[in-house]
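Observations on the model geometry
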Amino acid sequence: MDSIVLLAALAAGVTSHLAYFRIGEHHLYGTRYIQAALSVFAISTAVHSYYYQLSLLTTAIQTLTIASSYIASLYASLLIYRLCFHPLRRFPGPIGCKISSAWFATYLRGQDAFRQLEALHKKYGNFVRVGSNDISIAHPKAVQVIYGLGTKCRKADWYDLTYPSESPI
């Protein structure tokens, strides 16, 4: 396989993270992204096999190699961004929380969330990063700033519970 193709896949992974996935709310579209990836994989394998007159197994392995390079560079870019360049990078908290919001959910498995949050606040202070885009705040003056009139604070993703069932009309 040509190394230029692999370098292009690596560059595409970083570029797609910085230009697209870094901006916006993509948690609602996971199924669509998986369906699109599987479709692109199947189509590119078939076209590559037909065009180069190679077996489907050979082209599937080559396509999988390219896709793996893309995904690896996408996640490497995501990891570096969240640890080094994210606007919330300076807030203290467990490193797992800085990388993924899933870490906190697994950390809480089978435990009382409020006790665990209290322990994190005792360890890290009034402001604790508990997810890649989430801060837990335990400061008495925060209530008015966060929930008061004219606030610029956004609600967390889980407030969007009506997304799939709500009509866009």
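Reference entry: report on the structure contained in this document. (Residues numbered from 1 in each chain as written. Predicted model: local features only at pLDDT ≥ 70, side-chain atom pairs only at ≥ 80, totals over all residues. Heavy atoms only, no water.)

Regarding the packing of aromatic side chains
The full count for this structure, using the stated rule, is 6 aromatic pairs. Taken together, a centroid distance of 4.9 Å and an interplanar angle of 75° make the contact between Y20 and F21 edge-to-face. On the basis of relative accessible area, Y20 is assigned to the partly exposed category, the value being 42%. A residue is classified by how much of its surface remains accessible, and F21, at 28% relative accessible area, is partly exposed. Both rings, one in Y29 and one in Y33, keep their centres 6.5 Å apart while their planes meet at 65°; by these two values the pair is edge-to-face. Exposure remark for Y33: the relative accessible area of 28% places this residue in the partly exposed category. Taken together, the aromatic side chains of Y20, F21, Y29 and Y33 make up a single cluster linked through ring pairs. (Phe/Tyr/Trp six-rings, centres within 6.5 Å; stacked < 30°, edge-to-face > 60°. Buried < 20%, exposed > 50% of the residue type's maximum accessible area, 1.4 Å probe, protein only.)

With respect to unusual backbone geometry
With phi around 55°, Q53 is a residue other than glycine that occupies positive phi space. You can see Q53 is positioned in the loop between α2 (30–52) and α3 (56–85). Classification of Q53 by relative accessible area gives exposed; the value is 63%. (Helix = DSSP H or I, 4+ residues; strand = E, 2+ residues; numbered from the N terminus.)

Side note on the nonpolar core
If you look at the biggest cluster of nonpolar residues, it comprises 6 residues: C97, F104, L108, L120, V128 and V130. Broken down by secondary-structure element, the contributors of at least two residues to this core are α5 (102–108) and β1 (127–131). (Core = buried A, V, L, I, M, F, W, Y, C linked by side-chain atoms within 4.5 Å.)

A few points about the pairing of strand β2 (residues 134–137)
Walk down a regular strand and you will see the side chains alternate between the two sheet faces. Inspection of the sheet shows β1 paired to β2 by 4 bridges, in the antiparallel sense. Directly across from R129, in β2, lies its bridge partner I135. Where β1 folds back onto β2 in an antiparallel hairpin, the turn is made up of 2 residues. (Pairing = 2+ DSSP bridges.)

Some words on the pattern of salt bridges
Enumeration according to the criterion identifies 1 salt bridge in this entry. For R115, the salt bridge identified is with D112, shortest N-O distance 2.2 Å. What makes D112 partly exposed here is its relative accessible area of 37%. (Salt bridge = Lys/Arg side-chain N within 4 Å of Asp/Glu carboxyl O.)

A short note on the packing of α2 against α3
Any two packed helices are characterised by how steeply their axes cross, that is the angle between the axes, and by the distance between the axes. It is at 9 Å that the axes of α2 and α3 come closest, and there the two elements cross at 130°. Here α2 is positioned oblique relative to α3, judged by the angle of their axes. Judged by the twist between their axes, the crossing of α2 over α3 is right-handed. Residue-level contacts link F41, S44, T45, A46, H48 and S49 of α2 to L56, T59, A60, Q62, T63 and L64 of α3. Across the contact of α2 with α3, the residue classes break down as 5 nonpolar, 7 polar and no charged. (Axes fitted to C-alpha atoms, helices over the stretch in contact; angles between N-to-C directions. Parallel < 35°, antiparallel > 145°, perpendicular 65-115°, else oblique. Left-handed = near helix turned anticlockwise from the far one by under 90°. Contact = heavy atoms within 4.5 Å. Nonpolar A, V, L, I, M, F, W, Y, C, P; charged D, E, K, R; others polar.)

With respect to helix α6 (residues 113–124)
For α6, spanning 12 residues, the distance from its first C-alpha to its last is 16 Å, which sits close to the expected 16 Å at 1.5 Å a residue. Q116, L120 and H121 are the residues of α6 that are buried. Down the axis of α6, the sector holding all buried residues measures 140°, keeping them to one side. Set apart from the buried face of α6 by more than 90 degrees, the exposed residues are F114 and K122. Two residues or fewer past α6, G125 is found with a positive phi of approximately 110°. (Expected span 1.5 Å × (residues − 1). Arc of directions from axis to C-beta.)

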